[in-house]
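Close look at the chain arrangement
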Amino acid sequence: MELYTVIIVLLAIAIGLSPIAAKSKVPYPILLLAVGIGVGFTPGFGELSINPEVVFLIFLPPMLYDAAFNIPFKDFKKNLQTIFPLAITLIFITTAGIAALAYYLIPGMTWPTAFVLGAVLSPPDAIAASGVTKGLNLPHRTSVILEGESLVNDASALVVFRFAVAAVAGSSFIWWEAGIMFIISLVGGLLVGFAIWIIFVFIIKKRRMPDNVTVSLNLLLPFVAYLIAEEMHVSGVIAVVTAGLIISGHKDKFSPNAVMQSKSIWEISIFILGGLIFLLIGLEFPYVLKDIPPNYIIPLIICAFLLFLVALAIRIFFVFLNRRIINKRVQIMRKRETAIKKRIHNDMQKIRLQKKDTEKTAQQLTIMQQRHDRLLKKLERLKKFEPLSFKECLIIGWSGMR
């Protein structure tokens, strides 16, 4: 069967399975995977050979952009102190934990290959998590944290993955160089995403584009951001996410009709792409199984189960540890609130009483006032901050699906 014929058949299957999943209340991604595995064993379906770079370009940018575009920007910003540790620190810890277990558990596994495996398994699958948890009436903040984490963690994992693959290929691996490259990739992606946003706004505002052109440009934007960033050897994922988040926070710059049209088109596109990607994953299973010697199948299933348990245990432990650290920081700042405000008052009085040049004193007061205003705003944010509950931590921990 030709590749385009297979894709059309898979699209028809994905669309047909949606109402079945809704009626049976079986999570849509799990049903797609199961059916994909069954289709893979069906005679007549040849092994699909798709360039990985093409898959990255077709599936990754639109899915990330849609998630970033639809996430409430204020809520995302409000929960950054929970999202960033999950999306960056936890990725590195999970990669190292999986790599260590795989190295000692699987015969013949080398450290570089173990780190490749760790990088592949370290980021939770955002689409799977959202598909399984949809309809469970999760707390709004929990959904924002899970969605926000999924927007950033792919960048961390891809950087680790690329360095691990380079080590497998024989390139030397130096930790401090890897750290610098990660920062460059992250900052570069942010700058590219911001620049794309500026150009996008300039085109639609200065040229007064009609709504259909605005919507078309909005659909094109994630692909352009991804390709430009990758050509510049920075994170295409972060570029797409940055552009999506900024546009999410500035939807008022577009007409209501353009926003509504974009949302409708993106919903249909992501529904099709999401269904197709899970079927393709399931379709690969028979061909992976074919290359494994029969006597290795059971041991590898056991290894996979143990790796899953370790990844899950690390995640749950980290979520509760991060909650404790944040809560302690909030408590310390709240206790110091009176002392901080008193110190601010004393500093201002001291400068006012100094017998110096009036202009210089005014400048010092301005600088001091700005510094203290920032500190007071931070205190106000901390006072309003509500720590994650035990239930929220448990849900976030268990939502780390691979």
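Residues numbered from 1 in each chain as written. Predicted model: local features only at pLDDT ≥ 70, side-chain atom pairs only at ≥ 80, totals over all residues. Heavy atoms only, no water.

Another point: the overall build of the chain. When helices and strands are counted, the chain shows 16 helices and zero strands. Here the chain holds 402 residues, and 39% of them are scored as buried. A sequence separation of at least 24 residues applies to 83% of the contacts in the chain between residues at least 6 apart. As displayed, the chain has an accessible area near 22,700 Å², and 67% of this comes from carbon and sulfur atoms. (Helix = DSSP H or I, 4+ residues; strand = E, 2+ residues; numbered from the N terminus. Buried < 20%, exposed > 50% of the residue type's maximum accessible area, 1.4 Å probe, protein only. Contact = heavy atoms within 4.5 Å. Areas by Shrake-Rupley, 256 points an atom, 1.4 Å probe, with all protein chains shown as cover.)

Right, let's talk about the pattern of salt bridges for a bit. Inspection of the entire model under this criterion finds two salt bridges. As a salt-bridge pair, R141 and E392 come within 2.9 Å of each other at their nearest N and O atoms. Note that R141 is positioned in helix α8 (residues 140-168) and E392 in helix α16 (residues 390-398), a separation of 251 residues in sequence. An identical accessibility class is assigned to R141 and E392; each is buried. Here E149 ties to R315 by a salt bridge, and the two come within 2.8 Å at their closest N and O atoms. Taken together, the positions of E149 in helix α8 and R315 in helix α13 (residues 294-335) put the pair 166 residues apart, joining distant regions of the chain. Each member of the pair, E149 as well as R315, carries the same accessibility label: buried. (Salt bridge = Lys/Arg side-chain N within 4 Å of Asp/Glu carboxyl O.)

Moving on, we get to the packing of helix α10 (residues 211-231) against helix α12 (residues 256-290). Put simply, α10 and α12 touch, their axes get as near as 9 Å, and they point 45 degrees apart. Between α10 and α12, the interaxial angle falls into the category oblique. Handedness of the crossing formed by α10 with α12: right-handed. The residues of α12 that touch α10, namely those facing D211, T214, V215, N218, L219 and P222, are N257, A258, Q261, S262, I265 and W266. Here the contact of α10 with α12 is built from residues that sort into six nonpolar, five polar and one charged. (Axes fitted to C-alpha atoms, helices over the stretch in contact; angles between N-to-C directions. Parallel < 35°, antiparallel > 145°, perpendicular 65-115°, else oblique. Left-handed = near helix turned anticlockwise from the far one by under 90°. Nonpolar A, V, L, I, M, F, W, Y, C, P; charged D, E, K, R; others polar.)

Counting 70 residues, the largest nonpolar core has L10 and I247 as the members making the most contacts within it. The leading source of residues in this core is α12, at 10 residues. L10 has contacts with V39, L48, L276, L279, L280 and L283, leaving out every residue within four places of it along the chain. Of all hydrophobic cores here, the second largest spans nine residues; its members include A99, A114, C303 and L307. (Core = buried A, V, L, I, M, F, W, Y, C linked by side-chain atoms within 4.5 Å.)

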